[in-house]
Amino acid sequence: MIAASQYLKTAHKPIRAGLLLACALGVAGVASGANSRTEQRQIEALQEQLRAVQAQLKQLAAQNQALLQHQQQIEAQLSEQRQQLAAQPVAPVTPAVAAQPSSSALPSSSALPDQPAAVSALPAAPGASGASAASLPGAQPNGFGAGPLSNLRLWGYGEIYYTRPTGDGARTQADLARAVFGIGYHFDDRTEFNSEYELEHAIASAADRGEFEVEQFYVDHRLTSRIGLRAGLFLMPFGLLNEHHEPNNFYGVQRNFVETLIIPSTWREGGLAIHGDTDIGLSWNGGIVTGLNLNGWRVAPEFPQYTTALELANNGAAPMQATHQELSLANGRNLAQYVSVNYFGVPGLDVGGALTTGKPVPVEGSSGDPRLTLWEGHVRWTPGKFALSALYARGSISDLAATNLANLGSPNPIPSQFYGYFVQAAYGLWSHGDYRLNPFVRYEYYNMGSRYAGTTPMIPTGRIPLAASPGDNGLWPQNHDRVWTLGANFYLNPQVVFKADWQRFDVNSAFNRFDLGLGLNF
């Protein structure tokens, strides 16, 4: 409105200049010769122009008056609204928002399985958008409340399984295994917040087996262009899968057993970490985190903790599955340390490893002073249409003899050593547009208890009850096996994949199964 008034005042200037010029020309014409007809016609013409200019001036004056009145009305309304707002009490506003494999915690939305992930000192979360700079509803002029909407990031992923044991169709199951949604916020060019929230098995309630859990919740701050600091609940940088576990990033309907039973998946701890990379393609990560709590181990289960391959992966029966704390009222008496390195300097190659050690919380009443150590090494190479990968992982827990001797006869003492490895090959067989068909084969071995201190498992022999249900009988499963997996991933696009595979177990042959799956990531 003020700009309109200024325009009118400025517009008067050329009109006034024209009026002065006309008067000057008129006076000059009269002085040169009042008796000349030509001069008389010039004077009449100038007088006509003067009358036209005067009419325009009157019209502009009227418009200017109307604009000024309208401006005064708006200013009066704004003043009234300010007075009303000032009279209302202002309550503190909670921010309405708070989002790569990495995932370093954040999932990669475009990479196919076994493609090395890009490394950054400050991972960028998927779903980032700069479309709007408007403040969210509820933001206050004094700075409280949510920041710009463009700083908010959202992403997610999910998996649906159909698994059918080939020897016992009655144990066939279909499951919305997980639905995960991520929320992130970019505070500034150096600081961001990332989080993920997971619902498992579709329904979470006291009467159902589902769970709702916070998978990640951390702040990442860039100290330099190459070094970042992370604090909160975050994924541990171990293996090929733990930080990059979205379904379009691995082969097979379900995750491999080595990176589920030996390296728990998805493994996260609360703590403080520093991470970075170099210009030669080397990334590193190290920190202090919450450790294990051996009181989570089931020393004397009445029935086997798993009777199918699906239960083997889901029921938390492996050493670190059962004892990692996930920052859920975690016992912080003893903290663990870790370090990891990865080399990406050669295109298509990822070579790396990780190590963690720390004193877990001992079993109540035991006299031991145990220490856990876990290390792993991995390699992934993608020459042409091939995707080749391998991983070896080994863990140990010391000073467990007294703890196990206190539970003689148990079918499930705490193991002193556990390990596993796998090799895998995939091939890009066919593609058309975004469609891709990638068959694969994998061989793996896992052993959740290769050595024990003080005692050995006393496993019942013959057919025994597998559950409280009458007639549900079978053999007590062994805690080690060799598994062959043959299958294929079919991609509708890099973010949506259908999967099928067949698995053969050499020791627990009742676990043989056929699987179908749907996975997505956005």
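Residues numbered from 1 in each chain as written. Predicted model: local features only at pLDDT ≥ 70, side-chain atom pairs only at ≥ 80, totals over all residues. Heavy atoms only, no water.

K.L.:
Mind showing me how you'd approach the pairing of strand β12 (residues 415-427) here?
P.N.:
Note on strand geometry: in a regular strand, side chains alternate between the two faces of the sheet. By the bridge criterion, 11 bridges tie strand β11 (residues 386-397) to β12 in an arrangement that is antiparallel. Bridge pairing in β12 places G395 opposite F418. Bridging between β12 and strand β14 (residues 435-452) involves 10 bridges; their strand directions are antiparallel. Across the sheet, residue Y419 finds its bridge partner in β14, namely N447. (Pairing = 2+ DSSP bridges. Helix = DSSP H or I, 4+ residues; strand = E, 2+ residues; numbered from the N terminus.)

K.L.:
I'm lost on the packing of aromatic side chains in this one. Help?
P.N.:
A full pass over the atoms with the stated rule returns 17 aromatic pairs. Measuring from centroid to centroid gives 4.8 Å for F386 and Y427, while their planes differ by 55°, and the two rings are tilted. Linking F386 in strand β11 with Y427 in strand β12, this pair joins segments that are 41 residues apart in sequence. The class for F386 is partly exposed, based on a relative accessible area of 44%. (Phe/Tyr/Trp six-rings, centres within 6.5 Å; stacked < 30°, edge-to-face > 60°. Buried < 20%, exposed > 50% of the residue type's maximum accessible area, 1.4 Å probe, protein only.)

K.L.:
Would you take a moment to explain the pairing of strand β19 (residues 513-521) for this structure?
P.N.:
Burial of β19 is one-sided: the residues R513, D515, G517, G519 and N521 facing one way are buried, the residues F514, L516, L518 and L520 facing the other way are not. Two strands pair when backbone bridges link them, and strand β1 (residues 152-165) and β19 are joined in this way by nine bridges, in the antiparallel orientation. What sits directly across from R164, in β19, is F514. Bridge count between strand β18 (residues 496-505) and β19: eight bridges; the pairing is antiparallel. Each bridged residue has a counterpart across the sheet, and for K499 the counterpart in β19 is G517.

K.L.:
Got a minute to help me understand the pattern of salt bridges in this structure?
P.N.:
Side-chain pairs of opposite charge can arise where the charged atoms are in close proximity. In total, this model carries 16 salt bridges according to the counting rule given. E198 is paired through a salt bridge with R178; the nearest N and O atoms lie 3.0 Å apart. Linking E198 in strand β3 (residues 191-200) with R178 in strand β2 (residues 173-186), this pair joins segments that are 20 residues apart in sequence. In this structure E198 comes out as buried when scored by relative accessible area, which is 2%. Among the charged side chains, a salt-bridge network with shared partners connects E159, R178, E198 and R255. (Salt bridge = Lys/Arg side-chain N within 4 Å of Asp/Glu carboxyl O.)

K.L.:
I would appreciate a short explanation of a nonpolar patch on the surface in the present structure.
P.N.:
Taken together, the side chains of Y162, V441, W484, L486, W502, F514 and L516 define a hydrophobic patch exposed on the protein surface, amounting to about 620 Å² of accessible area. Mapped onto the elements, L516 comes out in strand β19. (Patch = residues over 30% accessible without salt bridge, like charges linked within 9 Å, V, L, I, M, F, W, Y side chains within 5 Å. Areas by Shrake-Rupley, 256 points an atom, 1.4 Å probe, with all protein chains shown as cover.)

K.L.:
What's the story with the confidence of the model for the protein chain in this structure? I'm lost.
P.N.:
Do not read the fine detail of predicted coordinates wherever pLDDT is low. Per-residue confidence for the protein chain gives a mean pLDDT of 84; residues scoring 70 or more make up 78%. For the stretch residues 1-34, pLDDT sits under 50, and the model shows 29 contacts to residues farther than four places along the chain or on other chains. Contacts for the low-pLDDT stretch residues 116-144, under 50 throughout, to residues beyond four places or in other chains number 73 contacts. (pLDDT = per-residue confidence, 0-100. Contact = heavy atoms within 4.5 Å.)

K.L.:
Would you explain the side chain of Q503 in this entry?
P.N.:
With respect to the helices and strands, the residue Q503 is situated in strand β18. Note on Q503: relative accessible area 3%, which makes it buried. In terms of polar contacts, Q503 uses its side chain to reach the side chain of T485, at 3.0 Å. Look past the residues within four positions of Q503 in its chain and what remains in contact with it is F257, R442, V483, W484, T485, N512, R513 and D515. (Polar contact = N/O pair within 3.5 Å; in protein donor to acceptor, adjacent residues only side chain to side chain.)

K.L.:
Explain unusual backbone geometry here, please?
P.N.:
In this structure, the amide linkage connecting S265 to the following residue, T266, adopts the cis form with an omega of 5°. Turning to its location among the elements, T266 is positioned in the loop between α3 (258-262) and β6 (268-277). Phi at A202 is positive, roughly 75°, even though this residue is not glycine. Its place among the elements puts A202 in the loop between β3 and β4 (211-222). In this structure A202 comes out as partly exposed when scored by relative accessible area, which is 39%. One non-glycine residue, D399, lies in the positive phi region at around 55°. Structurally, D399 can be placed in the loop between β11 and α6 (401-405). Relative accessible area serves as the criterion here: at 43%, D399 is assigned to the partly exposed category.

K.L.:
Even after reading the chapter, I still don't get the side chain of N438, so can you show me in this structure?
P.N.:
Note that N438 resides in strand β14. For N438, a relative accessible area of 7% translates into the label buried.

K.L.:
Which parts of the structure should I look at to understand the nonpolar core?
P.N.:
Grouped together as the largest cluster of nonpolar side chains are 29 residues, with contacts concentrated most on F238 and L374. Elements supplying a minimum of two residues to this core: α3, α5 (319-323), β8 (335-343), β10 (372-381), β11 and β12. Among the elements that line this core, the one with the most residues is β11, at three residues. Once you skip the residues sitting within four places of it in the chain, F238 turns out to touch E259, I263, W267, Y338, A354, L355, T356, L374 and E376. By size, the runner-up hydrophobic cluster in this structure holds 13 residues, among which are Y306, L312, Y446 and F505. (Core = buried A, V, L, I, M, F, W, Y, C linked by side-chain atoms within 4.5 Å.)

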